[in-house]
Amino acid sequence: MCIRRLSWLLLAIFIFSGCNEQVPPSIDYSSVDAPPPRNKIILPPPLPPKPAPHPAAPSAQVNAPTGWMPSHSERAWSAIIVHHSATDNGNATIIDKWHRENNGWNGVGYDFVIGNGSDSGDGQVEPTYRWRGQLTGAHTGGTPGNWANEEAIGICLVGDFDRNVPSKRQLESLAKLVRFLQQRYHIPKSRVYGHGSTPGGHVTDCPGKRFPMKWLKSNIN
Ligand SMILES: [Zn+2]
């Protein structure tokens with residue numbers, strides 16, 4: 001083989017070896033969370049029997065920040081509902097103000113708010129007064145017997161996910177928080193909803209057409 005051909009061969013090997021570099025798995029932003037049919041009253045599926053020990057074995061526990069632990073005696077939570085703020089900015093304090101002034105509520109309707117770096121840290125989880133006090137939520141209207149606000153934990157990600165997608169840090173925090181709550185209250189994956197797919201709830205795009213529900217479902221238990 002002549003030197004020229006050999007050098008071409010070495011160059012080719014050099015170029016193609018670069019293609020073997022490990023690419024980190026990217027977030028699949030597609031959604032599989034189809035809204036439920038609207039022509040009849042729909043309740044969530046029955047809960048499976050709860051395992052006896054509570055909470056789960058320490059080895060399986062999510063290492064949760066102390067602020068995630070409620071300070072009052074805990075409600076019998078049976079579902080988790082994910083929302084977006086439908087705004088570019090916000091945090092728990094700002095949404096609290098919006099919900100008081102615009103909706104006439106006692107305060108922010110969610111149990112947790114996950115920031116996007118605008119008014120709180122990117123991926124920062126803020127438990128709200130509703131969570132600390134284990135109060136009825138004000139995040140998912142229209143469900144029979146108001147079951148969603150009574151039994152479901154409301155988590156809001158700051159952002160408008162009809163137009164944008166959540167940040168990687170927001171999604172990582174959400175998955176960690178959901179896993180913690182699932183474990184603590186024995187909530188199956190089948191009872192983790194986007195607002196718009198909540199059984200019996202109002203028709204809404206929330207948490208946004210571009211919210212990656214498929215990714216969330218594949219990153220929780
Ligand atoms: Zn919502």
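Draft legend 1. Spatial organisation of the overall build of the chain. A tally of regular secondary structure across the chain gives six helices and five strands. Each helix and strand of the chain, placed in order from N terminus to C terminus, yields the pattern α-β-α-β-β-α-α-β-α-β-α. The 221 residues of the chain split such that 35% are buried. Excluding contacts between residues fewer than 6 apart, the proportion of contacts in the chain whose partners are at least 24 apart in sequence is 76%.

Draft legend 2. Quick look at the sheet that holds strand β3 (residues 122-127). An order of β3-β2-β4-β1-β5 is seen for the five strands of this open sheet, with the pairing classed as mixed. Among the strands making up the open sheet, the edge pair consists of β3 and β5 (192-194). Strand-to-strand twist of the sheet, defined as the mean angle between neighbouring strand axes without regard to direction, takes the value 20°. Bridge count between strand β2 (residues 112-116) and strand β4 (residues 152-157): three bridges; the pairing is parallel. Among the inter-strand pairings, valine 113 is bridged to a residue of β4, identified as cysteine 156. Of the strands in this sheet, β1 (79-84), β2, β3, β4 and β5 touch helix α5 (residues 168-185), which is tilted by about 35° from β3.

Draft legend 3. The arrangement of unusual backbone geometry in detail. For the bond running from cysteine 206 to proline 207, omega is 10°, close enough to zero to count as cis. Relative to the helices and strands, proline 207 resides in the loop between β5 and α6 (213-218). Phi is positive for glutamine 134, close to 55°, though the residue is something other than glycine. Along the chain, glutamine 134 turns up in the loop between α3 (129-133) and α4 (147-151). Phi at histidine 186 is positive, roughly 55°, even though this residue is not glycine.

Draft legend 4. View of the environment of proline 70. When you line up the elements, proline 70 lands in the loop between α1 (3-18) and β1. A count of 17 C-beta atoms within 10 Å places proline 70 in the partly exposed class. Along the sequence, proline 70 and tryptophan 131 sit 61 residues apart, while their C-alpha atoms lie 6.3 Å from each other. Sequence-distant contacts of proline 70, defined by excluding residues within four places in its chain, comprise Trp131, Arg132 and Gln134.

Draft legend 5. Representation of helix α2 (residues 92-103) in the model. Here α2 is twelve residues long and its end C-alpha atoms lie 15 Å apart, about the 16 Å a rise of 1.5 Å per residue gives. Along α2, the residues classified as buried are Ala92, Ile95 and Asp96. The arc that holds the buried residues of α2, viewed along the axis, is 110°, so those residues lie on one side. Away from the buried face of α2 by more than 90 degrees, exposed residues Glu101 and Asn102 are located. The inward-facing, buried residues of α2 abut β2, β3 and β4. Looking one or two places after α2, you find glycine 104, whose phi comes out positive at around 70°.

Each value, and the rule that gives it
- Residues numbered from 1 in each chain as written.
- Predicted model: local features only at pLDDT ≥ 70, side-chain atom pairs only at ≥ 80, totals over all residues.
- Helix = DSSP H or I, 4+ residues; strand = E, 2+ residues; numbered from the N terminus.
- Buried ≥ 20, exposed ≤ 12 C-beta atoms within 10 Å, placed from the backbone.
- Contact = placed C-beta atoms within 7 Å.
- Pairing = 2+ DSSP bridges.
- Axes fitted to C-alpha atoms, helices over the stretch in contact; angles between N-to-C directions.
- Expected span 1.5 Å × (residues − 1).
- Arc of directions from axis to C-beta.

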